[in-house]
Amino acid sequence: MSLRALTVEMIRIGQDTATTPVLVTPSFLSFRANFYVALASQFAEHRIRSVRFDLASPVGGFWQTLKNGCLAWRVHRYNRILARAGSQWHARLVQTATIGRTARSGMNPSGSAQHADAPWIIGVSPETLALPAWTTPIRLAGSPIPAVSLQSNG
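(A) Quick peek at the packing of helix α2 (residues 33-45) against helix α3 (residues 62-85). Contact geometry for α2 and α3: axes closest at 9 Å, N-to-C directions at 40°. By crossing handedness, the relation of α2 to α3 is classed as right-handed. Along its contact with α2, which presents Ala33, Tyr36 and Val37, the element α3 presents Tyr78, Ile81, Leu82 and Ala85.

Here it is, written out as structure tokens:
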């Protein structure tokens, strides 16, 4: 699926179901800053100028606390990159224990957000976390070993 098609699908989910789309990732997958920049640019092409990426991470335990500290550092670094990259849009990453619920109630017929100051929320969650009822998962399934991949080839 292309980034453009993914963006269109997330917009459709937000409009048609009034839920927050969540990219559910396998444990071996993490996104680089350029992915978030490109995705925010795609949303800007659809007249959505403010995007918030909620990065869900579990809480509790010594190792999880260390992982969350590393994630906080990466979020800070990525937010600096997003701030420099976006002249036509505003995007930021937020580390959270659960995915936020969108404050908007759809789009106007003109295509602009009804709540202009509310960001479009996109969740990013590992497949091991339970998602809230107000989310719609978009599973990014697969394996780094092609013979074990769960994705369709056709």
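(B) Up close: the confidence of the model for the protein. In the predicted model, the protein carries a mean pLDDT of 84, and the fraction of residues at 70 or more is 82%. In the model, residues 105-114 has pLDDT below 50 throughout and makes 15 contacts with residues more than four positions away in sequence or in other chains. Under a pLDDT of 50 for its full length, residues 147-154 has, in the predicted model, 7 contacts with residues more than four places off or in other chains.

(C) Just the packing of aromatic side chains, in detail. Applying the stated criterion across every chain yields a total of 7 aromatic pairs. Between Phe35 and Tyr36, the aromatic rings sit 5.5 Å apart at their centres with planes inclined by 75°, giving edge-to-face as the arrangement. In this structure, Phe35 and Tyr36 share a single accessibility class: buried. Taking 6.1 Å as the distance between ring centres and 50° as the angle between the ring planes, the aromatic pair formed by Tyr36 and Tyr78 counts as tilted. Of this pair, Tyr36 sits in helix α2 while Tyr78 is found in helix α3, placing the two residues 42 residues apart along the sequence.

(D) Up close: the pattern of salt bridges. Within this structure, the stated rule accounts for 4 salt bridges. When the shortest N-O distance is used, the salt bridge between Glu9 and Arg12 registers 2.6 Å. Here Glu9 and its partner Arg12 are both found in helix α1 (residues 3-17), 3 residues apart, which amounts to about one turn of the helix. Judged by relative accessible area, Glu9 falls into the partly exposed class, the value being 27%.

(E) Broad picture of the sheet that holds strand β1 (residues 20-25). Reading across from one edge, β3-β2-β4-β1-β5 is the order of the 5 strands in this open sheet, with parallel pairing throughout. The open sheet has two edge strands with one neighbour each: β3 (90-96) and β5 (135-139). On average, each strand axis in the sheet is inclined to that of its neighbour by 25°, with strand direction left out of account. Note: β1 against β5, 5 bridges, orientation parallel. In the strand pairing of β5, Val22 is matched with Pro137.

(F) Just the packing of α1 against α2, in detail. Contact geometry for α1 and α2: axes closest at 10 Å, N-to-C directions at 60°. In terms of their interaxial angle, α1 and α2 are classed as oblique. Our pair here, α1 against α2, has a crossing hand that is right-handed. Listed contacts from α2 to Leu3, Arg4, Thr7, Met10 and Ile11 of α1 are Phe35, Ala38, Leu39, Gln42, Phe43 and Glu45. For the contact of α1 with α2, the residue count by class is 7 nonpolar, 2 polar and 2 charged.

So, how was this worked out
Residues numbered from 1 in each chain as written. Predicted model: local features only at pLDDT ≥ 70, side-chain atom pairs only at ≥ 80, totals over all residues. Heavy atoms only, no water. Axes fitted to C-alpha atoms, helices over the stretch in contact; angles between N-to-C directions. Helix = DSSP H or I, 4+ residues; strand = E, 2+ residues; numbered from the N terminus. Left-handed = near helix turned anticlockwise from the far one by under 90°. Contact = heavy atoms within 4.5 Å. pLDDT = per-residue confidence, 0-100. Phe/Tyr/Trp six-rings, centres within 6.5 Å; stacked < 30°, edge-to-face > 60°. Buried < 20%, exposed > 50% of the residue type's maximum accessible area, 1.4 Å probe, protein only. Salt bridge = Lys/Arg side-chain N within 4 Å of Asp/Glu carboxyl O. Pairing = 2+ DSSP bridges. Parallel < 35°, antiparallel > 145°, perpendicular 65-115°, else oblique. Nonpolar A, V, L, I, M, F, W, Y, C, P; charged D, E, K, R; others polar.

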